[in-house]
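# Geometric and topological summary
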Amino acid sequence: QVQLVESGGGLVQPGGSLRLSCAASGFTFSSYAMSWYRQAPGKERELVAAITSTGGSTNYADSVKGRFTISRDNAKNTVYLQMNSLKPEDTAVYYCYAQGGEEYEYEYWGQGTQVTVSS
């Protein structure tokens, strides 16, 4: 059974930091690209950050570039999102996403973790 379990969300003040974790099981984690998406109330789900299967390349949404860092530990089957200098507009449910297969036919989503940035 494939599982992606996010953790680390919560309430933080503007300018603060959080680190999200996504623990994966049930598939070959090291063969999959991993991403973080987020969805704020009334908005479409958007890509926040992505990392290749080996961790050799990353990309970020312009809105988080320089503040967020995605990383992975293939030995632990875990992907992380370090979020610094948080802003109220970062408030959203954050989802872990795995993508793999020759035609990208295998796609898995976590259930999400809430991040709220407010004073």
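The structure under discussion appears in the preceding block.
Anyway, here's the lowdown on the structure attached to this text. (Residues numbered from 1 in each chain as written. Predicted model: local features only at pLDDT ≥ 70, side-chain atom pairs only at ≥ 80, totals over all residues. Heavy atoms only, no water.)

Time to look at the pairing of strand 3 (residues 18-25). By the bridge criterion, five bridges tie strand 1 (residues 3-7) to strand 3 in an arrangement that is antiparallel. The residue bridging V5 from the neighbouring strand is A23, located in strand 3. Here strand 3 runs beside strand 8 (residues 78-83); their pairing, made up of six bridges, is antiparallel. Bridged to C22 within strand 8 is V79. (Pairing = 2+ DSSP bridges. Helix = DSSP H or I, 4+ residues; strand = E, 2+ residues; numbered from the N terminus.)

So, on to the environment of R67. With respect to the helices and strands, the residue R67 is situated in the loop between strand 6 (58-60) and strand 7 (68-73). According to the relative accessible area criterion, R67 is buried, its value standing at 11%. Separated by 50 residues in the primary sequence, R67 and S17 have C-alpha atoms spaced 9.5 Å apart. Aside from chain neighbours lying at most four places away, what touches R67 is Q82, M83, N84, S85, L86, K87 and D90. (Buried < 20%, exposed > 50% of the residue type's maximum accessible area, 1.4 Å probe, protein only. Contact = heavy atoms within 4.5 Å.)

So, about the sheet that holds strand 3. Spatial strand order, 1-3-8-7: four strands in an open sheet with antiparallel pairing. Two strands in the sheet have a free side with no partner beyond their single neighbour: strand 1 and strand 7. Here the average twist between neighbouring strands, direction ignored, is 15°. Pairing analysis gives six bridges linking strand 7 to strand 8, with the strands arranged antiparallel. Bridging from a neighbouring strand, F68 pairs with M83 of strand 8. (Axes fitted to C-alpha atoms, helices over the stretch in contact; angles between N-to-C directions.)

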